[in-house]
Amino acid sequence: MSKRVLLVEDEPNIIEAIRFILSRDGWSVETHLDGATAVDRIVAAPPDVLVLDVMLPGKSGFDILKEIRADPATAALPVLMLTAKGQGRDRELAERYGASCFMTKPFANAEVLKTVNALKSGAFGRV
Amino acid sequence: MTFNALVAISLAYVAFLFAVAYFADRRAQRSIGGWLSSPLVYTLSLSVYCTAWTFYGAVGYAARSGLEFITIYLGPTLVFTGWWLLLRKLVRVGRSQRITSIADMISSRYGKSNLLGILVTVMAVVGTTPYIALQLQSVTLSFGVFAVPNSEFWVPANPASTGLWVASGLALFTILFGTRNLNTNERHYGVVMAIAVEAVVKLLALMAVGAFVVWGLADGPADVLSRIDASPIAGWEIVPARWAGLIFTSAAAILCLPRMFQVLVVENADEAHLGTASWAFPLYLCLMSLFVVPIAVVGLAEMPANANPDLFVLTLPLKEGREGLAVFAFLGGFSSATSMVIVAALALATMVSNHIVMPLYLSRQSGGVTVAGDVRQVVLMARRFSIAGVLLLGYLYYRFSGGTEALASIGLISFLGVSQVLPALLGGLYWRGGTRAGAAAGLVTGFVVWAYTLFLPSFGAAGPFSAAMMADGPLGIYWLRPQGLFGITGMDPLIHTLFWSILLNTIAYCGFSIFTFPTPLERLQGAQIVNVFEHTLGARGWSRGSAKAEDLLMMAQRILGSDDAQALFQSEAAAQGKAGYLPDTTPEFLDHLERELSASVGGATAHAMVGQIAGSSAVLVEDLIRVADEAQQILEYSNRLEAQSEELERTARQLRDANQKLTELSIQKDAFLSQISHELRTPMTSVRAFAEILREGGLTEDENKRYAGIIHDEAVRLTRLLDDLLDLSVLENAQVSLTLGTARLHELIDRAIAATGAMTEVRASGGLQVFRNATDEQIDLITDADRLTQVFINLIGNAKKYCDADAPELRIRVRRQNGLAVVDFIDNGSGIPARSQDIIFEKFSRLSDQAAAGGAGLGLAICREIMQRLGGAIEYLPGQGGAAFRVTLPLAVGAARAAE
């Protein structure tokens, strides 16, 4: 069975970078650009791991996280939050809303890969 | 004197009037004031009361009925001498409520009811049309006198075509000078000036003929007096009832005639002018009537027994071979007729367009009043067609009843018809209890009685009423005989009608007023108008807060034009202590706006339009109590300490605004930090990720190239962000030195469009269409061309990025105004919400989170700094249907600096 990751992110170049890093490791990478419709997509076909940006057009990543945690089908979905704002407040919010892991841009490629794999194998509980 | 020569003289005279009107209009455009709005011109314009009917007809009247003609002058004289009582109030109300016509006056007083407006308009049209026909007839007849020399009876050569020419010429004149623009106060300086000149001509003409008669034909005043004694005129007896009735009728007419209301109230520039007119106008009337009896007496003696006394003014000089004098007299009569027709057509057209055409147009238009587009053209066209229509009606009336007895006697009939407005008018000015239902009932009753007893019978046996019906009443009902209502006989028909119509009219008005309940708006209007001289509490016709200033601005622009509307909103906002174009929609502001609009489209329409946006005019109970209780009013007024509370209110509003802005800014400040972090980290992320990928190697040649390309692009993006930040900081610290030079605005905009055209990265499928006017853009500037272009690039780029219309368009409008160049950039997108309009010029205030837009939200902040350095300004222009920015800059930067 292949490993599926869904990347919700709106910067085309960042999408390309993450897609390259993960697919080289055997991940099948799906992407979604729009915040407003992201929840529907996630609930419709929950991936093994969700990589979620904070600043999204339409709806913020925190709101999306809140909604998928409220839905029993995706309540336990491993989620890696990415943010470019890098303020302590963002990390707090991510923790409060139940992100599995939190990472600040710019990131090291190896670390992203390591975290996603770890999330897949259930190494992280809720943060 | 040939007929053609006379036509040539008339045309030359008309051309002269055109020149006068044109000159006066031009002068009024430059500056309002000076002799154009002097009390003398005002008084002379009032002489539009003296029509051809008085110019020619007075002599005929005197020849037939002795001194009775003087009653027509006595009524107005009484009204003017007692101006302090009535006229002053009428004019004050007219000015304070921005009344546009007698119909508007009645409609405004009774709760801005358009039904009443329509009613009065219809009555005015019915009452005035025959009168216009009479004027056309007098002009054709006087032409006829010259056309057939030595004839004692005038046989108009071709009355139909002469009448048509005269009517068309007058329509043209009225349209040209009466509907040139929608004046904010509905004044027509050109027309008024022409009317004043005509007033002088007709007075001098009549006096010249009089002098000729007294000193040329008779042997001076003593001889004339003895001739009067000897003539049949001396034998006429005064009939008191008829005299009183006629004086009353003419006094009512000077208040109610549409044309008199136009010159008396609407065209009044200064209330003080009434003081002068109160003695000068009666003096004018006195001079007009001075020689009437001598001319009539001498005419009766000198002319053959069957000569028409109505034309003595013309035929006496002609008989003595004084052609020059006769032509002068002809011009006098011509002036009387034309001035009446012009003003009457203008007044009627205003009523028809404001009370009938505009309400229809607005109700047929879907989408309400805020739709973009200019209604002014519609109003003007409605007026033009109404003028042509009114004159056509007059002409048709003349064609079908011309030359008959009916037309000759129509003057007084017409007076009586329009006098039916009097009870509603006087009641409205002095009695708070008058209601809309009462006014309507009175008007309809009076009008029906008048039509039944006087107007319809005036057509004679050929008209709608047969001789049998006149003698025995309809269906043989004796007491309904048109000229013997309720079995009362032996009354003069005119007095009969006057008595019954005014009596029943007044009874209906009072009765219905007492037994109906006025609406809140009627009460407010009633109190405001009846108590116009006392302090007013402000209108309070509107409740606070429901209207959106931007919608109101959009609507106002359609009626007042963009410039005037923007100026009005801006000054109102400034008075409230706010910057920009959008004042708070306080009840006071709504009321002010409504008054300004009503000057263009009438009270009822303006009220309906504002009502569409502001919601129904909720009148508060406390307002009504305030209005109801006089003592309470005075007490409250003294307690209010108006000045201070207003000042406090303004300060509080300023504080509230400042506080709101600070809160917004502090949120902005937080957002600024995370924003700048985001803006820097996002490109960094791509750079770092791909740098790591490249370092690990093992890629194809294509991939290598592509990833290096991404790193390069993101590095450029970072650089641009830093450049913008530095640019802004330099501008803010005033360290920038301008490179001034001469530049043509057109070329700068060209450059900006070319530069943004290259920005294909923004939106490949954008296809923004730019509309410009190259001729307007030919303005030479002394400025920093590069900096100014940078501003333009930013604005055009923004339209490209953010205009969300399906077919995005950008209009660039350039204008020169008070030594400034004004450049508007208006797109057709959804614009910027009102609450954000204040902060878009702040740093990092990009409204959406669309990173795709590629900017850091510094563009407009930079633009604002640049425009400040260039001595100009940039501001958001609300109410344009899309996002709109206005750049104003001095034609020369140095000059502005020096001026500072």
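Residues numbered from 1 in each chain as written. Chains lettered and ligands numbered in written order. Predicted model: local features only at pLDDT ≥ 70, side-chain atom pairs only at ≥ 80, totals over all residues.

Another point: the overall build of chain B. A count of helices and strands for chain B gives 37 helices and seven strands. Counting every position in chain B, which comprises 900 residues, the buried fraction comes to 48%. Counted over contacts in chain B with a minimum sequence separation of 6, partners at least 24 positions apart contribute 79%. (Helix = DSSP H or I, 4+ residues; strand = E, 2+ residues; numbered from the N terminus. Buried ≥ 20, exposed ≤ 12 C-beta atoms within 10 Å, placed from the backbone. Contact = placed C-beta atoms within 7 Å.)

Let us look at the overall build of chain A. Of regular secondary structure, chain A possesses five helices and five strands. A burial count over chain A gives 43% of its 127 residues as buried. Nonlocal contacts in chain A, meaning residues at least 24 apart in sequence, comprise 61% of its contacts between residues at least 6 apart.

Residue and element names in this part refer to chain B. Read from one edge to the other, the open sheet built from five strands follows the order E2-E4-E5-E7-E6, with strand pairing classed as mixed. Every interior strand has two partners, whereas the edge strands, strand E2 (769-771) and strand E6 (873-876), have only one. Sheet twist, expressed as the average angle between the axes of neighbouring strands with direction ignored, equals 15°. Its contacts with the sheet put helix H35 (residues 785-802) on strand E4 (809-817), strand E5 (820-827), E6 and strand E7 (884-890), and the angle it makes with E5 is roughly 20°. (Pairing = 2+ DSSP bridges. Axes fitted to C-alpha atoms, helices over the stretch in contact; angles between N-to-C directions.)

This paragraph deals with helix H3 (residues 61-70) of chain A. Residue and element names in this part refer to chain A. Gly61, Ile64, Leu65 and Ile68 are the residues of H3 that are buried. Each buried residue of H3 lies within a common arc of 100° when the element is viewed along its axis, so the set occupies one face. Buried residues belonging to H3 abut helix H2 (38-44), strand E3 (49-53), strand E4 (79-83) and helix H4 (88-97). (Arc of directions from axis to C-beta.)

On to the UniProt feature "modified residue: 4-aspartylphosphate" (unreviewed entry) in chain A. Residues and elements named next belong to chain A. With numbering aligned to this structure, UniProt lists the feature "modified residue: 4-aspartylphosphate" (unreviewed entry) at Asp53. With respect to the secondary-structure elements, Asp53 resides in strand E3. What makes Asp53 buried here is the crowd of 25 C-beta atoms within 10 Å. What Asp53 contacts, discounting residues up to four positions off in sequence, is Val8, Glu9, Asp10, Gly61 and Leu82. (UniProt positions renumbered as here; feature names shortened; annotations may be inferred.)

It is worth spelling out the sheet that holds strand E5 (residues 101-104) of chain A at this point. Residue and element names in this part refer to chain A. Strand order in the open sheet formed by five strands is E2-E1-E3-E4-E5, and the pairing between neighbours is parallel. The strands lining the two open edges of the sheet, one partner per strand, are strand E2 (27-32) and E5. Taking the axes of each pair of neighbouring strands and ignoring which way they run, one obtains an average angle of 20° across the sheet. By the bridge criterion, six bridges tie strand E1 (residues 3-8) to E2 in an arrangement that is parallel. Residue Arg4 lies in a different strand from E2, and its bridge partner there is Ser28. The sheet strands contacting H3 are E3 and E4, and the helix crosses E3 at an angle near 150°.

Bringing the packing of helix H15 (residues 292-302) of chain B against helix H16 (residues 312-319) of chain B into the picture now. All names here are of chain B. Relative orientation of the contacting elements H15 and H16 amounts to 55°, with a least axis distance of 10 Å. By the criterion of interaxial angle, the relationship of H15 to H16 is oblique. In this structure, the crossing between H15 and H16 has a hand that is left-handed. The residues of H16 that touch H15, namely those facing Ile295, Ala296, Val298, Gly299 and Glu302, are Phe312, Val313 and Leu316. Broken down by class, the residue content of the contact of H15 with H16 amounts to six nonpolar, one polar and one charged. (Parallel < 35°, antiparallel > 145°, perpendicular 65-115°, else oblique. Left-handed = near helix turned anticlockwise from the far one by under 90°. Nonpolar A, V, L, I, M, F, W, Y, C, P; charged D, E, K, R; others polar.)

Residues and elements named next belong to chain B. Residues of E6 alternate between two faces, with Ile874 and Tyr876 buried on one and Ala873 and Glu875 left unburied on the opposite face. In the sheet, E6 pairs with E7 via four bridges, with the strands oriented antiparallel. Its bridge partner being in E7, Tyr876 is matched across the sheet by Phe885.

Let us now look at the nonpolar core. Of all hydrophobic cores here, the largest spans 237 residues; its most connected members are Ile106, Ile295 and Val313 of chain B. In this structure Ile295 of chain B touches Val59, Val209, Gly210, Val213, Phe312, Val313 and Leu316 of chain B, once residues within four positions along its chain are discounted. In terms of nonpolar packing, the next biggest core, distinct from the first, is built from 42 residues, Leu7, Leu22, Met81 and Val116 of chain A among them. (Core = buried A, V, L, I, M, F, W, Y, C linked by C-beta atoms within 7 Å.)

We now examine unusual backbone geometry. Pro106 of chain A follows Lys105 of chain A through a cis peptide bond whose omega is -10°. Tracing the chain through its elements places Pro106 of chain A in the loop between E5 and helix H5 (109-120).

Taken together, the 18 residues of chain B in the interface contact 17 residues of chain A. Only helix H32 (642-696) and helix H33 (701-732) of chain B provide two or more residues apiece to the side of chain B that touches chain A. Across the side of chain B that touches chain A, the residue classes tally to six nonpolar, seven polar and five charged.

In this section: the environment of Ile233 of chain B. Residue and element names in this part refer to chain B. Along the chain, Ile233 turns up in the loop between helix H11 (221-230) and helix H12 (240-256). Judged by C-beta crowding, with 19 C-beta atoms within 10 Å, Ile233 ranks as partly exposed. In sequence terms Ile233 and Leu67 are 166 residues apart; their C-alpha atoms lie 7.8 Å from each other. Here Ile233 is in contact with Ala62, Gly66, Ile228, Val293, Ala296 and Val297, once residues within four sequence places are set aside.

Residues and elements named next belong to chain B. Of all the 11 residues making up H15, nine are buried; the element is thus mostly covered by neighbouring parts of the structure. By the burial criterion, the buried members of H15 are Val292, Val293, Pro294, Ile295, Ala296, Val297, Val298, Gly299 and Leu300. Those residues of H15 hidden inside the fold are in contact with helix H4 (57-65), helix H10 (189-217), H11, helix H14 (273-290) and H16.

What follows deals with the environment of Ala205 of chain B. Residues and elements named next belong to chain B. In this fold, Ala205 is placed in helix H10. Since 23 C-beta atoms lie within 10 Å of it, Ala205 is described here as buried. When the C-alpha atoms of Ala205 and Leu325 are compared, they prove to be 8.0 Å apart, with 120 residues separating the residues in sequence. Ala205 has contacts with Phe328, Ala329, Leu331 and Gly332, leaving out every residue within four places of it along the chain.

This part is about the confidence of the model for chain B. Residues and elements named next belong to chain B. Residue-level pLDDT values for chain B average 77, and 81% of them are 70 or greater. Confidence drops under a pLDDT of 50 for residues 758-764, and excluding neighbours within four residues, the segment shows seven contacts in the predicted structure. Counted against residues more than four places away or in other chains, residues 896-900, with its pLDDT under 50, gives three contacts. Reported confidences for the modelled complex are a pTM of 0.63 and an ipTM of 0.92. (pLDDT = per-residue confidence, 0-100.)

In this section: the packing of helix H2 (residues 39-46) of chain B against H14 of chain B. Residue and element names in this part refer to chain B. Two numbers describe how H2 lies on H14: the axes approach to 9 Å, and their chain directions differ by 45°. The orientation of H2 with respect to H14, classified from their angle, is oblique. Crossing of H2 against H14: the hand is right-handed. On the side of H2, the interface is formed by Pro39, Tyr42, Thr43 and Leu46, while H14 contributes His273, Thr276, Ala277, Ala280, Phe281 and Tyr284. For the contact of H2 with H14, the per-class residue count stands at seven nonpolar, three polar and no charged.

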